[in-house]
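Descriptive structure summary
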Amino acid sequence: MKTEVQDKADFSRIRYAMCWEDADLLVAALAPKDRRCLSIGSAGDNSFSLLAAGAAHVTAVEMNPSQIACIELRKAAYLALDYQEFLQLLGVREASADQRERMFVKCQAHMPEETIRFWQLQENAWRDGIIGLGKFENYFRLFRSRALPLAHGKKRVMQLLESRNREERLAFYETVWNHRRWRWLFQVFFSRFVMGRLGRDPAFFAYVEGSVADRILQRVRHALVELEPADNPYLRMILCGTFANALPHAWREESFAAIKTALQENRFRVVQAPLEALLAAEPDTRYDAFNLSDIFEYMSEAKTEELLRQIVMGSNPGARLAYWNMLAPRSRPEAMADVIAPLPELSSALFFQDKAFFYSRFVIEEVGR
């Protein structure tokens, strides 16, 4: 069974070398402790975050074999390396290509042969670390190196990342950052055309209406004014190409040991398949929590309802669903009001805190008890 977008987009390369969704929201939404979780894989980080938060078991499902390789290498790195080596292999901390290659060798005992072969063919993996290898990361690299300097120099970028109170952040944004050239460059670089060809895939915009750049710019303002830029790992990566001490949930030191223990206890598995196919292949398996990423972004409303009904069939009573809308609005249809209930207050409260600021909505829903 295929997902709707599978025949329309290219899934032959690494699209995302890291997860660009805020796992702090995901953990708060799904409350995964002692729950069986089903998680869209992507690069693996948010699936591992569910383990760090005490999930009884996590199944990471992913249809792109290149993304599977990202997940498998992370899994091996958690098992084989210490915390600092883990960050160095990823590219979060400095290391030489030779050092990273030696770390990769240490990981090989925990990886399938196809994963080892995949990474042996990635020529740049050890030079800079693996988190810069994806198409989406390259898109932000181009923005950082080519577009951003035309609007703001390095000194001003570092000023933006200084700690301030809200009033000071608002003043800086309105009087220093948000000038005409910035807005014009943003409109061009984050247009549907440029983002579709350099960052995501044109097929991912099939159900998007209106200006892509306008919507994202509104969320950028929220991230720069309402939230603290200095503490935002996604903003730092986009603007600077580094994280400093602001790390995503799965890469924090307090998460590392918990994830390693969970992996040693075999509380994690990776399945290469579309989500629909996994649910169909295991009709008797039930889950308590679902990380659905932004999967409905690429589906029609009819296909969204069809998949939600499959998810309900694979859910225990009270199961939680969490997912993001980026540009296409999707949520439980009224026809399913008897089996899925939205949690709008929790959704809104968590969405206000979303550090991965390019999404337009965070949806939390609960299967009927």
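Residues numbered from 1 in each chain as written. Predicted model: local features only at pLDDT ≥ 70, side-chain atom pairs only at ≥ 80, totals over all residues. Heavy atoms only, no water.

Focus on the nonpolar core
Looking at soluble globular proteins, one finds that nonpolar side chains tend to be buried together. Going by this rule: Put simply, a nonpolar core is a bunch of buried Ala, Val, Leu, Ile, Met, Phe, Trp, Tyr and Cys residues held in one set by side-chain atoms that sit within 4.5 Å of each other. Only protein chains enter the accessibility calculation, which uses a 1.4 Å probe; a residue whose area is less than 20% of its type maximum is buried, one above 50% is exposed, and one in between is partly exposed. For this analysis, residues touch if any pair of their heavy atoms sits within 4.5 Å.
Within the largest apolar cluster, 100 residues are counted, with the highest numbers of intra-cluster contacts made by Trp 20, Trp 119, Trp 251 and Phe 358. In this structure, Phe 358 is in contact with Trp 20, Phe 140, Ile 216, Ile 238 and Met 326, ignoring residues within four places of it in sequence.

Focus: helix α15 (residues 253-264)
Operational definition: Numbering goes from the N terminus for both helices and strands, where a helix is a DSSP run of H or I of at least four residues and a strand is a run of E of at least two. In this analysis, the expected span of each helix is defined as 1.5 Å times one less than the number of residues it contains. In this description, one arc is meant: the one made by directions from the helix axis to the C-beta atoms.
In this model, α15 (twelve residues) spans 17 Å end to end at C-alpha, consistent with the 16 Å of a helix rising 1.5 Å per residue. Listed as buried for α15 are Ser 255, Phe 256, Ile 259, Lys 260, Ala 262 and Leu 263. All buried residues of α15 lie within an arc of 165° about the axis, which places them on one face of the element. Along α15, exposed side chains directed more than 90 degrees from the buried face belong to Glu 254 and Gln 264. Along its buried surface, α15 packs onto α2 (45-52), α3 (65-80), α4 (83-90) and β3 (268-272). Looking one or two residues beyond α15, the residue adopting positive phi is Asn 266, at roughly 55°.

So, the sheet that holds strand β5 (residues 315-325)
To keep it simple, the criterion reads: Pairing between strands requires that DSSP locate at least two bridges from one strand to the other. All axes are obtained by fitting lines to C-alpha atoms, using only the stretch in contact for helices, and the reported angles, taken between N-to-C directions, cover 0 to 180 degrees.
Pairing is mixed in the open sheet, where seven strands are placed in the order β3-β2-β1-β4-β5-β7-β6. The sheet terminates laterally at β3 and β6 (340-342), the two strands that pair on one side only. Between one strand axis and the next, the sheet turns through 20° on average, direction left out of account. Where strand β1 (residues 36-40) and strand β2 (residues 57-62) come together, five bridges link them in parallel fashion. Considered in β2, the bridge of Leu 38 is made with Thr 59. Helix α18 (residues 344-352) rests against β5, β6 and β7 (361-367) of the sheet, and its axis sits at about 150° to β7.

Looking at unusual backbone geometry
Note: most peptide bonds trans; most residues except glycine with negative phi. You will see that Ala 244, though not glycine, has its phi angle at about 55°, which is positive. Residue classification places Ala 244 among the partly exposed residues on the basis of a relative accessible area of 37%. Its identity as a non-glycine residue notwithstanding, Ser 293 has a phi of 50°, on the positive side. Here Ser 293 is to be found in the loop between β4 (287-291) and α17 (301-313). The exposure class assigned to Ser 293 is buried, which follows from its relative accessible area of 8%.

What to know about the pairing of β7
Burial of β7 is extensive: six of the seven residues sit out of reach of the surface. As judged from the six bridges shared by β5 and β7, these two strands associate in the antiparallel manner. The partner of Trp 324 across the bridge, within β7, is Phe 362. Examined bridge by bridge, β6 and β7 share three bridges and lie antiparallel to one another. Counterpart to Ile 340 in the pairing with β7 is Val 367.

Examining the side chain of Ser 293
For clarity, the threshold we go by: Distance and chemistry together define a polar contact, namely a pair of N or O atoms within 3.5 Å, with one atom able to donate a hydrogen and the other to accept it when in protein, and with adjacent residues in sequence counting only for side-chain atoms on both sides.
Separated by 3.3 Å, the side chains of Ser 293 and Asp 294 make a polar contact. With residues near it in sequence (within four places) discarded, Ser 293 still touches Glu 21, Ile 40, Ala 322, Tyr 323 and Trp 324.

Quick notes on the packing of helix α1 (residues 23-30) against α2
The description of two helices packed together rests on the angle between their axes and the distance between the axes. Here is the rule: Working rule for angles: under 35 degrees goes down as roughly parallel, over 145 as roughly antiparallel, 65 to 115 as roughly perpendicular, anything else as oblique. Note: crossing handedness is left-handed where the near helix turns anticlockwise from the far helix by less than a right angle, and right-handed where it turns clockwise. Amino acid classes used here: Ala, Val, Leu, Ile, Met, Phe, Trp, Tyr, Cys and Pro are nonpolar; Asp, Glu, Lys and Arg are charged; the rest, including Gly, are polar.
Two elements in contact, α1 and α2, have axes separated by 10 Å at closest approach and are oriented at 45°. Taken together, α1 and α2 sit at an angle that is classed as oblique. Along this stretch, α1 crosses α2, giving a crossing that reads as right-handed. Between α1 and α2, the contacting residues are Ala 23, Leu 26, Val 27 and Leu 30 on the first element and Asn 46, Ser 49 and Leu 50 on the second. Across the contact of α1 with α2, the residue classes break down as five nonpolar, two polar and no charged.

A closer look at the environment of Thr 115
Take Thr 115: it is sitting in helix α6 (residues 113-120). Along the primary structure Thr 115 and Glu 101 are separated by 14 residues, whereas in three dimensions their C-alpha atoms are 15 Å apart. Ignoring sequence-local partners within four residues, the contact set of Thr 115 consists of Ala 69, Glu 72 and Leu 73.

A look at the packing of aromatic side chains
Centre distance and the angle of the planes are the two values used to describe a pair of aromatic rings. For clarity, the cut-off: Pairing of aromatic side chains requires ring centres within 6.5 Å, counting the rings of Phe and Tyr and the six-membered ring of Trp. Pairs whose planes differ by under 30 degrees are stacked, by over 60 edge-to-face, and all others tilted. In this scheme, Lys NZ or Arg CZ marks a charge over a ring once it lies within 6 Å of the ring centre and within 35 degrees of the ring normal.
Overall, the coordinates contain 35 aromatic pairs when judged by the stated rule. Lying over the aromatic face of Phe 172, Arg 164 brings its terminal NZ or CZ to 4.3 Å of the ring centre.

Observations regarding the pattern of salt bridges
Keep this limit in mind: Salt bridges are identified by distance alone: a Lys or Arg side-chain nitrogen within 4 Å of an Asp or Glu carboxyl oxygen.
This model, assessed by the stated rule, comprises 16 salt bridges. For Asp 22, the salt bridge goes to Lys 355, with nearest N and O atoms at 2.9 Å. With Asp 22 in the segment before α1 and Lys 355 in the loop between α18 and β7, the pair connects residues that are 333 residues apart, well separated along the chain. By relative accessible area, which is 16% here, Lys 355 ends up buried. Between Lys 106 and Glu 85 there is a salt bridge whose closest N-O contact spans 3.0 Å. You can see Lys 106 sitting in helix α5 (residues 97-107) and its partner Glu 85 sitting in helix α4, a full 21 residues away along the chain. Taking the relative accessible area as the measure of exposure, Glu 85 reaches 18% and is therefore buried. Linked by salt bridges that have partners in common, Asp 22, Asp 24, Arg 252 and Lys 355 make up one network.

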